[in-house]
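Listed here are the chains, written in short residue letters.
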Amino acid sequence: MNIEQIFENNKAWVKEKLKIDEHYFDHLAKGQSPEILYIGCSDSRVSAEEIMGISPGDAFVHRNIANMVPNTDLNVMSVIDFAVTHLKVNHVVVCGHYNCGGVKAAMQSADLGILNPWLRNIRDVYRIHSDELNKIEVENDKYNRLVELNVQEQCVNVIKTSVVQKAYRERNLTVHGWVFDLKSGSIIDLKIDFPHILSKIMEIYRLD
Ligand code: CO
């Protein structure tokens, strides 16, 4: 890729936006009030705004390897806190994707250096659901199911945070688990039963 081309693309994009609305960038510069916090994978093929068909300003976005929400990661925890407490988003989305390299890497018995502690969080998801996963004989089906279960567990991690528990009580904030299917381009809603999971985990993880 010619990096100079990016600046040409950008100029064309500015022109296009101003053609539709001459005040477009004035509005953009004024501030943000996104409705959605999107937590997704850094994978280059899963571009948040494009797959959701939304525009700048619509979603607060956090991406990392395999869309993880580890409670000791200051980065994702700060993003959740800022989006829920200050931006007052009403939806938190965790979006994984099939063929996720991070999930595949976690399933291999290899020393991956600095990635080891990160990927161990995915191995923990496998351990929690090993009864179900070990019954799946086709390797690729097992990976895909782990992608789904990982999204589910990261939703649970979102629900464990005090800011999300508070926002649920105060304004009915919802948590959603999705998987993006690279082969079809579709977003699949895993239909995470947020109130049910919340009531179940509150027995242990209630924070106030
Ligand atoms: Co991925």
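Please read these numbers as outputs of a predicted model, since none were measured by experiment. Starting from 1, residues in each chain are numbered consecutively following that chain's sequence as written. Reporting in this predicted model follows two pLDDT cut-offs: at least 70 for local features of residues, and 80 or more for side-chain atom pairs to be given and counted; totals over whole chains, interfaces and linings ignore these cut-offs and use all residues. With hydrogens and water set aside, each side-chain value is computed from the structure's full complement of heavy atoms.

K.L.:
Give me the pattern of salt bridges: which residues, what numbers.
P.N.:
The working definition used for a salt bridge is a side-chain nitrogen of Lys or Arg within 4 Å of a carboxyl oxygen of Asp or Glu. Scanning the entire structure with this criterion turns up 7 salt bridges. Ionic pairing is found between R127 and D124, a salt bridge with its closest N-O pair at 4.0 Å. Placement of the pair is R127 and D124 together in helix α6 (residues 115–128), with a separation of 3 residues, close to one helical turn. Relative accessibility decides the category of a residue: with a 1.4 Å probe and only protein chains considered, values under 20% of the type maximum give buried, values over 50% give exposed, and everything between is partly exposed. The exposed category is assigned to R127, whose relative accessible area is 57%. D124 gets classed as partly exposed once you look at its relative accessible area, which sits at 26%. Overlapping salt bridges, with partners in common, bring together E132, R145 and E148 in one network. Numbering goes from the N terminus for both helices and strands, where a helix is a DSSP run of H or I of at least four residues and a strand is a run of E of at least two.

K.L.:
Outline the packing of helix α9 (residues 162–171) against helix α10 (residues 194–205), supporting the account with residue identities and numerical values.
P.N.:
All axes here are fitted lines through C-alpha atoms, helices being fitted over the stretch that makes contact, and every angle between N-to-C directions spans 0 to 180 degrees. Put simply, α9 and α10 touch, their axes get as near as 12 Å, and they point 125° apart. Between α9 and α10, the interaxial angle falls into the category oblique. As for the relative orientation of α9 and α10, their crossing is left-handed in sense. Here α9 contributes V164, Q165, Y168 and R169 to the contact with α10, which in turn contributes F194, P195, L198, M202 and Y205. Residue composition of the contact of α9 with α10, by class: 7 nonpolar, 1 polar and 1 charged. Roughly parallel means an angle under 35 degrees; roughly antiparallel, over 145; roughly perpendicular, 65 to 115; everything else is oblique. Take the far helix as your reference; a near helix turned counterclockwise from it by less than a right angle gives a left-handed crossing, and one turned clockwise gives a right-handed crossing. Contact criterion: two residues are considered in contact whenever any of their non-hydrogen atoms come within 4.5 Å of each other. All residues other than Ala, Val, Leu, Ile, Met, Phe, Trp, Tyr, Cys, Pro, Asp, Glu, Lys and Arg, Gly among them, are scored as polar; the first ten of these are nonpolar and the last four charged.

K.L.:
Go over the coordination of the cobalt ion with me, naming the residues and quoting the values.
P.N.:
For a metal bound by four donors in a tetrahedral arrangement, the ideal donor-metal-donor angle is 109.5 degrees, while six donors in an octahedral arrangement ideally sit at 90 or 180 degrees. Water is not part of the atom set, so a site may look incomplete; the donors themselves are N, O and S atoms within 2.8 Å of the metal, or 3.2 Å for Na, K and Ca. Distances from the cobalt ion to its protein donors, C41 (SG), H97 (NE2) and C100 (SG), fall within 2.1 to 2.3 Å. Sequence spacing of the donor residues for the cobalt ion, all on one chain, is C-x55-H-x2-C. Remark: C100 occurs in the loop between β3 (91–97) and α5 (101–106) and C41 occurs in strand β1 (residues 36–41); sequence separation between them is 59 residues. Per residue, the accessibility class of C41 equals that of C100, and both read buried.

K.L.:
Now, about the sheet that holds strand β2 (residues 59–64): what can you tell me, with residues and values included?
P.N.:
Taken together, the 5 strands give an open sheet; going across it, the order is β2-β1-β3-β4-β5, and neighbouring strands pair in mixed fashion. At either margin of the open sheet sits one strand with a lone partner, and together these are β2 and β5 (187–189). Averaged over neighbouring strand pairs, the angle between their axes works out to 25° when direction is ignored. Across 5 bridges, the pairing between β1 and β3 is parallel. In the sheet register, G40 faces β3, and the bridge partner there is C95. Here, a strand pair is defined by DSSP locating no fewer than two bridges between the strands.

K.L.:
Which residues make up the pairing of strand β4 (residues 174–180), and what values do they have?
P.N.:
For β4, the buried fraction is high: 6 of the 7 residues fall into the buried class. Direction of pairing for β3 relative to β4: parallel, over a ladder of 7 bridges. Opposite V93, over in β4, you have H176 as the bridge partner. Sheet topology places β4 next to β5; 3 bridges connect them, and they run antiparallel. Its bridge partner being in β5, V179 is matched across the sheet by I188. Count of turn residues in the β4/β5 antiparallel hairpin: 6 residues, of which G185 carries a positive phi of about 85°.

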